[in-house]
Amino acid sequence: MNLVPIDDPQDPRVAAYLDIRERDLVGRHGRFVAEGKVVLDLLLSGGRFAAESALILENRLAGLEGILRKAPPGLPVYVARGEVMDRIAGFHMHRGILAIGVRGTPQSAEALLETLPASALAVVLVGISNHDNMGSIFRNAAAFGADAVLLDPTCCDPLYRKAIRVSVGAALKVPFGSFDNTSRLTATLDRLGFRQFALSPRGETDIRAAERTSRLALYLGTEGEGLPETLLNRLRTVRIAMVEGFDSLNVAAASAVALHHFSKR
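Residues numbered from 1 in each chain as written. Predicted model: local features only at pLDDT ≥ 70, side-chain atom pairs only at ≥ 80, totals over all residues. Heavy atoms only, no water.

Remarks on the packing of helix H6 (residues 131–143) against helix H10 (residues 251–262)
- It is at 9 Å that the axes of H6 and H10 come closest, and there the two elements cross at 10°. Compared by their axis directions, H6 and H10 come out roughly parallel. Where H6 approaches H10, its residues Asn133, Ser136, Ile137, Asn140 and Ala141 are matched on the opposing element by Val251, Ala252, Ser255, Ala256 and Leu259.
- For the contact of H6 with H10, the residue count by class is six nonpolar, four polar and no charged. (Axes fitted to C-alpha atoms, helices over the stretch in contact; angles between N-to-C directions. Helix = DSSP H or I, 4+ residues; strand = E, 2+ residues; numbered from the N terminus. Parallel < 35°, antiparallel > 145°, perpendicular 65-115°, else oblique. Contact = heavy atoms within 4.5 Å. Nonpolar A, V, L, I, M, F, W, Y, C, P; charged D, E, K, R; others polar.)

Examining the pairing of strand S6 (residues 120–126)
- Counted residue by residue, S6 has seven buried out of seven residues, so it is predominantly covered.
- Across the two faces of S6 the burial is the same, with Ala120, Ala122, Val124 and Val126 and Leu121, Val123 and Leu125 all buried.
- As judged from the seven bridges shared by S6 and strand S11 (residues 215–221), these two strands associate in the parallel manner. Within S11, the residue paired with Ala120 across the bridge is Arg215.
- Where S6 and strand S7 (residues 148–151) come together, four bridges link them in parallel fashion. Bridged to Val124 within S7 is Leu150.
- Each parallel crossover has a hand, and the one from S6 via H6 to S7 is right-handed. (Buried < 20%, exposed > 50% of the residue type's maximum accessible area, 1.4 Å probe, protein only. Pairing = 2+ DSSP bridges. Right-handed = clockwise from strand over helix to strand, strands pointing away.)

Brief notes about the nonpolar core
- In terms of nonpolar packing, the biggest core is built from 54 residues, with Leu125, Val149 and Leu199 touching the most fellow members.
- Of all the elements, H10 adds the most residues to this core, at five residues.
- In this structure Leu199 touches Ile207, Leu218, Tyr219, Leu220, Leu227, Val238, Ile240, Ala254 and Ala258, once residues within four positions along its chain are discounted. (Core = buried A, V, L, I, M, F, W, Y, C linked by side-chain atoms within 4.5 Å.)

Quick word on the side chain of Asp147
- Tracing the chain through its elements places Asp147 in the loop between H6 and S7.
- Not counting residues within four places of it along the chain, the set of residues in contact with Asp147 comprises Leu116, Pro117, Ser119, Ala120, Leu121, Pro175 and Lys264.

Some remarks on helix H2 (residues 37–46)
- Listed in full, the buried residues belonging to H2 are Val39, Leu40, Leu43 and Leu44. Buried residues in H2, looked at end-on, bunch into an arc of 125°, giving them a common side.
- Of the surrounding elements, those touching the buried residues of H2 are strand S2 (31–35), strand S3 (50–57), helix H3 (65–68), strand S5 (97–102) and helix H7 (161–166).
- Directly after H2, the chain includes Gly47, whose backbone phi takes a positive value near 85°. (Arc of directions from axis to C-beta.)

So, the packing of aromatic side chains
- Tallying each qualifying case throughout the model produces three aromatic pairs.
- Judged by centre distance (5.4 Å) and plane angle (80°), the rings of Phe32 and Phe49 are edge-to-face. Placement of Phe32 in strand S2 and of Phe49 in the loop between H2 and S3 is noted, with a sequence separation of 17 residues between them.
- Residue Phe32 is classed as buried on the basis of its relative accessible area, which comes to 1%.
- Plain terms: the ring middles of Phe197 and Phe262 are 5.5 Å apart, the flat faces sit at 35° to each other, and that makes the pair tilted. Of this pair, Phe197 sits in strand S9 (residues 195–199) while Phe262 is found in helix H10, placing the two residues 65 residues apart along the sequence. Of the two residues, Phe197 and Phe262, both sit in the buried class. (Phe/Tyr/Trp six-rings, centres within 6.5 Å; stacked < 30°, edge-to-face > 60°.)

Structure below.
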């Protein structure tokens, strides 16, 4: 391991880690922050994203030796005392484990769909702007074997630090791509043999009666407004039945129910 002691919070070698929360808001120019032991392990072992460096609290180093040995040769692992790390990050880093990852070239939803296997489950997100929900949906997608997550332009960034943390690293594991035009995406899914279900409290079919086909795309919309009417009118709609007088689940919880039902079990 290439261990590099850091004693000065203004050391230019750790400039990417300065004032993490503020930089969450303005972006990192093609990079993202991975936080926590499990997320670091997925970053270093998953192969989807390259790691640029790690910043580790010195008293956490011994417990991370096995994970850090998965890093590519020469990856700088910066090591700092607690007070130095807190001053670098701009707040108390009780986990003491950070890394910088490189986003690479963004993938389009259409290009990603072309790579999926003959039996595939895709999750299509429209208007998911809450990072907790985004992270939870990715976690559920990983848990129930979804092959891809497709995001419209109004969705928040799945590689935002909080989204990655809530996903427990699943955002680094489940392939995702973006699309600009919903009509074009639905046409692409039709062409590639995907059956398409839109999840809505007003869905025409109880989800328990909806059968999984070999290729399936499940659409999820933002809480409150839900999916656009134009999309609901175009697709087959399914609902999660609930007690009378209550017809709404948090979208992350709804995704867990739906993905479990449609998982390849």
